[in-house]
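Structure at a glance
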Amino acid sequence: MFSKVLAIFTTALMLASSPALADWAASAVSQGQTGPGATAQVDCPPGGAPGPVWGTGTYTSDSSICGAAQHYGWFAPGGGGVVTYQTVPGLPAYQGTTQNAVTTGDYGQWTLSFQITGIAPIAGGGAAPNFLTVATWTTTLDEVGFSTDVGSAH
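Everything numeric here is computed off the predicted structure, so don't read it as measured data. Along each chain, residue indices are assigned from 1 in the same order as the chain's sequence is written. Local features in this predicted model are restricted to residues of pLDDT 70 or higher, and side-chain atom pairs are both shown and tallied only at a pLDDT of 80 or more, whereas totals for entire chains, interfaces and linings draw on every residue. Hydrogens are left out, water is left out, and the side-chain values use all remaining heavy atoms of the structure.

Counting secondary structure elements, the protein contains three helices and seven strands. For the protein, the α and β elements follow one another from N to C terminus as α-β-β-β-α-β-β-β-β-α. Type-normalised accessible area, obtained with a 1.4 Å probe on protein chains alone, sets the label of each residue: buried when under 20%, exposed when over 50%, and partly exposed for intermediate values. Out of the 154 residues belonging to the protein, those deemed buried represent 36%. Contacts are assigned to residue pairs with any non-hydrogen atoms lying within 4.5 Å of each other. By sequence separation, contacts in the protein at least 24 residues apart represent 72% of the contacts at least 6 residues apart. Here the protein displays about 8,400 Å² of accessible surface, and carbon together with sulfur accounts for 60% of that area. Strands here are runs of E lasting at least two residues and helices are runs of H or I lasting at least four, both read from the DSSP assignment and numbered beginning at the N terminus. For the area figures, the Shrake-Rupley method with a 1.4 Å probe applies, and any residue is considered shielded solely by the protein chains shown.

Rendered as structure tokens:
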């Protein structure tokens, strides 16, 4: 618990000294979310520094939304975009991992979580991950270049 409080305090100090980090430190809690089912968006400017993040795929509601989006691969390190997230019920435990230049922490039970549900990349905000392909209901494998990848999953 102390390390989590210290990480939040450190983020608050960074915010006071550098307003550009404010969006990257935004969390579901700081956005006023108090229960499951809320959907909202956060602007993550390119080149931001992730605030503290706990979990993998499903994150504690006080985690950096932009940091979680980069961690899960929604945009490349140094990238950015308008991130859409949805709050979901809390979990009994959160497993931290290191992915896409972001290390998240383990944490125990928390009352509210969120998941990233989409992103609109910002032009010039770094390359999108190579697995991200925009598709519609009528997009074919030929159109996205996967028709020869027999047996692969996308």
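Don't stop here, the text continues.
What follows concerns the nonpolar core. Put simply, buried Ala, Val, Leu, Ile, Met, Phe, Trp, Tyr and Cys residues joined by side-chain atoms within 4.5 Å make one nonpolar core. Of all hydrophobic cores here, the largest spans 18 residues; its most connected members are Val-83, Tyr-85, Phe-114 and Ile-116. Every element with two or more residues in this core is listed here: strand 1 (39-44), helix 2 (65-72), strand 4 (81-89) and strand 7 (112-121). Ranked by residue count, the leading element in this core is helix 2, at four residues.

On to the sheet that holds strand 7. Pairing between strands requires that DSSP locate at least two bridges from one strand to the other. In spatial order, the strands read 1-4-7-3-2; together these five strands make up an open sheet with antiparallel pairing. Lying at the two open borders of the sheet, with one neighbouring strand each, are strand 1 and strand 2 (55-56). Where strand 3 (residues 58-60) and strand 7 come together, two bridges link them in antiparallel fashion. Across the sheet, residue Tyr-59 finds its bridge partner in strand 7, namely Phe-114. Working convention: axes come from line fits to C-alpha atoms, limited for helices to the stretch in contact. Angles between N-to-C directions cover 0 to 180 degrees. Across the sheet, helix 2 touches strand 1, strand 2, strand 3, strand 4 and strand 7, and the angle it forms with strand 7 is around 70°.

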